[in-house]
Amino acid sequence: MNIQEQLQQDLKAAMRGGDRFRVGVIRMALAALQNAQMALVKAEFDASAPAEGDASGEPIVVVLSEAAMQETMVKEVKRRRDAAELYLKGGRPELAEQEQREAELLETYLPRQLTAAELRPMLAEAIAGLGARGVADMGKVMPSLMQQFKGRADGRLISQLAREILSS
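Calculation notes
Residues numbered from 1 in each chain as written. Predicted model: local features only at pLDDT ≥ 70, side-chain atom pairs only at ≥ 80, totals over all residues. Heavy atoms only, no water. Helix = DSSP H or I, 4+ residues; strand = E, 2+ residues; numbered from the N terminus. Expected span 1.5 Å × (residues − 1). Buried < 20%, exposed > 50% of the residue type's maximum accessible area, 1.4 Å probe, protein only. Arc of directions from axis to C-beta. Contact = heavy atoms within 4.5 Å. Axes fitted to C-alpha atoms, helices over the stretch in contact; angles between N-to-C directions. Parallel < 35°, antiparallel > 145°, perpendicular 65-115°, else oblique. Left-handed = near helix turned anticlockwise from the far one by under 90°. Nonpolar A, V, L, I, M, F, W, Y, C, P; charged D, E, K, R; others polar.

J.: For this particular structure, what's the right way to read helix α5 (residues 116-130)?
T.: The α-helix winds at 3.6 residues per turn, so residues separated by three or four positions along the chain end up facing the same way. Between its terminal C-alpha atoms α5 stretches 20 Å, which fits the 21 Å expected from 15 residues at 1.5 Å a residue. Inspection of α5 places Leu119, Leu123, Ala126 and Ile127 among the buried residues, and these make up the whole buried set. Taken around the axis of α5, the buried residues stretch over an arc of 100 degrees, which confines them to a single face. In α5, the exposed residues that point more than 90 degrees away from the buried face are Ala117, Glu125, Ala128 and Gly129. Buried-residue contacts for α5 involve α6 (138-148) and α7 (155-167). Gly131 occupies a position one or two residues after α5 and carries a positive phi of about 80 degrees.

J.: What should I look at first to understand the side chain of Glu102 in this one?
T.: Mapped onto the elements of the fold, Glu102 is located in helix α4 (residues 93-107). Aside from chain neighbours lying at most four places away, what touches Glu102 is Phe21, Val25, Met28 and Arg80.

J.: Would you take a moment to explain the packing of helix α2 (residues 20-47) against helix α3 (residues 66-89) for this structure?
T.: When two helices pack together, you describe them by how their axes are tilted relative to each other and by the distance separating the axes. At a minimum axis distance of 10 Å, the contact between α2 and α3 shows a crossing angle of 130 degrees. Judged by the inter-axis angle, α2 sits oblique to α3. Pair α2 / α3 crosses with right-handed handedness. Contacts from Met28, Ala29, Ala32, Leu33 and Ala36 of α2 reach α3 at Met69, Thr72, Met73, Glu76 and Arg80. Per-class residue counts for the contact of α2 with α3 are 7 nonpolar, 1 polar and 2 charged.

Laid out in C-alpha cells, this is it:
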C-alpha cells in the first residue's frame, strides 16, 4: 500500500472516530500529493504539447511514484518544522506546538529517519570515500551526501554532522 492509499484509509478512520486534528492534517497531506501529481501532469503536457491543429484530446494520466510521494511528504514535514521554528521566534508557542504535532503525524507516513548516532559513521565513510580533507571541501561533498542519504536523514543534520567530521 502506498502513502496516498494509507492516507485515504486513515482519513476515513479519523472521520469515523471524530478526530478533527488528524482529519485536517491528512486532508492537507492528500492535497499536497494531488498538487504534486498535477505539477507532473502539467510538465508532461508541456513536454508533449501537440502541434497547432493537432489535438488528440487524450487525457494525460500520470501516477506519482512512491519516491515522489515520499519527497512530497518530506517537504510537508519540513514546511511544518520551519513554521514551528518561526512561530517560536515570534513568541507564539501554541502555534509552534500545533505545527510540531502536524509534522510528527506526517512523519508516521515516512520511512524511519536515521539518527545522528547512526548517521555519523556512514557520513564519515562517505566523506573519506570522496577524499575530502577539511571544511573547505564542504561544497564538494554536500551534493553527494544529500543524494546518498535523501529521504533517510534531514538535510540540516547531514550538513551539521559533515561539518563536524570535516573540521576534526
